[in-house]
Amino acid sequence: MYISDIVLNEISGCIQEKLDILLGYLKQVQYHLIYTDEDTVELAEKFIDFGTVA
């Protein structure tokens, strides 16, 4: 599983009760953290332009 730094940033904005649940789930699985950089932003824009994601 891959999770971006943006996702973790969004999770951190949850209320404490929900944050505890979400972080509890993440502790149960192995994941790779992907950091946002110019390349990932460019790739995301291409996916959006192509209509793969909205």
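Criteria and thresholds
Residues numbered from 1 in each chain as written. Predicted model: local features only at pLDDT ≥ 70, side-chain atom pairs only at ≥ 80, totals over all residues. Heavy atoms only, no water. Helix = DSSP H or I, 4+ residues; strand = E, 2+ residues; numbered from the N terminus. Rg over C-alpha atoms; globule rule 2.2 N^0.38 Å. pLDDT = per-residue confidence, 0-100. Salt bridge = Lys/Arg side-chain N within 4 Å of Asp/Glu carboxyl O. Buried < 20%, exposed > 50% of the residue type's maximum accessible area, 1.4 Å probe, protein only. Axes fitted to C-alpha atoms, helices over the stretch in contact; angles between N-to-C directions. Contact = heavy atoms within 4.5 Å. Nonpolar A, V, L, I, M, F, W, Y, C, P; charged D, E, K, R; others polar. Patch = residues over 30% accessible without salt bridge, like charges linked within 9 Å, V, L, I, M, F, W, Y side chains within 5 Å. Areas by Shrake-Rupley, 256 points an atom, 1.4 Å probe, with all protein chains shown as cover.

This paragraph deals with the overall build of the protein chain. Summing up its helical and strand segments, the protein chain has three helices and two strands in all. Scanning the protein chain from its N terminus toward the C terminus, one meets helices and strands in the order β-α-α-β-α. What you see for the protein chain is a C-alpha radius of gyration of 14 Å, clearly larger than the 10 Å of a compact globule of 54 residues, by over 25%. Across its three principal axes, the protein chain shows a C-alpha extent of roughly 35 × 20 × 20 Å.

It is worth spelling out the confidence of the model for the protein chain at this point. Mean pLDDT over the protein chain works out to 92, with 98% of the residues at or above the 70 mark. No element of the protein chain has a lower mean pLDDT than helix 3 (residues 38-50), at 91, and none a higher one than helix 2 (residues 16-27), at 95.

Attention now goes to the pattern of salt bridges. Counted by the stated rule, this structure contains one salt bridge. For the salt bridge of Lys 46 with Glu 42, the shortest nitrogen-to-oxygen distance reads 3.4 Å. With a gap of four residues between them, Lys 46 and Glu 42 both fall in helix 3, about one helical turn apart. The partly exposed category is assigned to Glu 42, whose relative accessible area is 42%.

Orientation of helix 1 (residues 5-12) relative to helix 2, taken along the N-to-C sense of each, is 145°, at an axis distance of 9 Å. The segment helix 1 lies against helix 2, with Leu 8, Ile 11 and Ser 12 engaging Leu 19, Leu 22, Leu 23 and Leu 26. Here the contact of helix 1 with helix 2 is composed, by residue class, of six nonpolar, one polar and no charged.

A surface patch of nonpolar side chains, amounting to about 480 Å² of accessible area, comprises Met 1, Val 29, Tyr 31, Leu 33 and Tyr 35. Considering the arrangement of structural elements, one finds Tyr 31 in the loop between helix 2 and strand 2 (32-34).

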